[in-house]
Structure formats: C-alpha cells, structure tokens
Amino acid sequence: MNELFPAEIIGAEAMREFGKKMGAHLKSGAVVALIGDLGAGKTHLTQGIALSKGYTGEVTSPTFALVNEYLAGAGKGGEVDVFHFDVYRLEEAVELLEIGWEDYLDREGIVIIEWADKFPELIPSGTWCVGIEHMKDVEGRELVCERLE
Ligand SMILES: Nc1ncnc2c1ncn2[C@@H]1O[C@H](COP(=O)(O)OP(=O)(O)OP(=O)(O)O)[C@@H](O)[C@H]1O
Ligand SMILES: [Mg+2]
C-alpha cells in the first residue's frame, strides 16, 4: 500500500482508478480512514475500492444512512464485503457505537470510514489513514497515507 503514496490524482475518474489500485492491496479485515474536506473525493476512492472487490452496484456517500453495505453475496458479483461509513453528521462517538461500529470491525470484510478524524478514539490500530487535500493550481488532489500504530 505505502508504495502508492504520496500521489497526485487529477480528475474524478482517476480518483476511482486509484481506489481500485488501493483495493488490490486490501484484504478482509482492513480498515481505511478517509480524511479530507467536503468534496475531497472520499466517495470516489471508495467507489474504486468497492469495484476492485467486484462490487458493481451503486456507491454513494451514506450521509443519512450512516453505513452502506456492499455485499459480495448480494447478486453484484463481489468477492469481499465492503462497509462504507460516513460520520459527517454524527456529533458523539457513542452514536457511531450505537450503529454497531465495533460489530462491523469484527465482521469479515473491509471497513471504510469518511470523516474518520472526527472520532480518532474509535479508529483501530492498523488502520490505513488516507489524507486528501485539494491541489493549489489544478483541480486535483494530493493523497498521503499512514498506517495507524
Ligand atoms: N482527484 C480528483 N480531481 C478532481 N476532482 C475530483 C477528484 N476526486 C473527486 N473529484 C470531484 O470532487 C467532487 C466530490 O467528490 P466525492 O463526492 O467523492 O467527495 P467526498 O469527499 O466524498 O465528499 P463529501 O465530503 O461530500 O462526502 C466530485 O465532483 C468529484 O468529481
Ligand atoms: Mg462522500
């Protein structure tokens, strides 16, 4: 994974393709924390990761649902389940616990969480933390990655 970063990715389609490359390195049990402002491209990266696992259904920010499940066995031909969280609207860590955060971490599958930096205390060690920032002069993004100790 580390060899993919740092990266400069220009365009939404390239972002999805980069997500696919990330996904090739991720196995069941992996946790990915996506950290970047509104519109940084977190959902596009997630789309790529889900695609890399064979999921061809819709992947959208679960802003109201809080978590979307992209299930390998749900007729979409995937290989690994992907659980996609977006905690932008949550205020307290306990709310994330109430929707079963810890159960999801224990499940077979890959967990991806947008806005993970809101609740650092709930992010397990070993998580791949991906930071996304807008580039200055072009409509692209700079991505860095660090594995949480
Ligand atoms: N690398 C990129 N270069 C240029 N534009 C990008 C890139 N990645 C994503 N975008 C564009 O940024 C916008 C936001 O993308 P996306 O919804 O994936 O962001 P997000 O971080 O999930 O946003 P939110 O915080 O609202 O959930 C989209 O219009 C998308 O086309
Ligand atoms: Mg999003």
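Not measured: the values here are computed from a predicted model. (Residues numbered from 1 in each chain as written. Chains lettered and ligands numbered in written order. Predicted model: local features only at pLDDT ≥ 70, side-chain atom pairs only at ≥ 80, totals over all residues. Heavy atoms only, no water.)

Trainee: Give a description of the pattern of salt bridges that names residues and reports values.
Mentor: Across all of its chains, the model carries 4 salt bridges by this definition. Across the pair Arg107 and Glu69 runs a salt bridge, and its minimum N-O distance is 3.5 Å. Placement of the pair is Arg107 in the loop between helix H4 (101–106) and strand E5 (110–114) and Glu69 in strand E3 (residues 67–70), with a sequence separation of 38 residues. (Salt bridge = Lys/Arg side-chain N within 4 Å of Asp/Glu carboxyl O. Helix = DSSP H or I, 4+ residues; strand = E, 2+ residues; numbered from the N terminus.)

Trainee: Quick one: what's the story with the environment of Gly78, residue by residue and with numbers?
Mentor: Along the chain, Gly78 falls in the loop between E3 and strand E4 (82–86). Given the relative accessible area of 18%, Gly78 is considered buried. Remark: the alpha-carbon pair of Gly78 and Leu51, spanning 27 residues in sequence, is separated by 8.1 Å. Ignoring sequence-local partners within four residues, the contact set of Gly78 consists of Lys53, Gly54, Tyr55 and Ala72. (Buried < 20%, exposed > 50% of the residue type's maximum accessible area, 1.4 Å probe, protein only. Contact = heavy atoms within 4.5 Å.)

Trainee: Got a sec to walk through the sheet that holds strand E2 (residues 31–35)? Specific residues and values, please.
Mentor: The strand order across the open sheet formed by 7 strands is E1-E7-E6-E2-E5-E4-E3, and the pairing between neighbours is mixed. With partners counted over all chains shown, the strands left at the sheet margins are strand E1 (7–10) and E3, one partner each. Taken pair by pair, the neighbouring strands of this sheet meet at an average axis angle of 20°, ignoring direction. Pairing geometry for E4 and E5, over 5 bridges, is parallel. Its bridge partner lying in E5, Val82 is registered against Ile110. Most of the contacts of helix H2 (residues 42–52) go to E5, to which it runs at about 170°, and overall it touches E2, E3, E4, E5, strand E6 (128–134) and strand E7 (140–147). (Pairing = 2+ DSSP bridges. Axes fitted to C-alpha atoms, helices over the stretch in contact; angles between N-to-C directions.)

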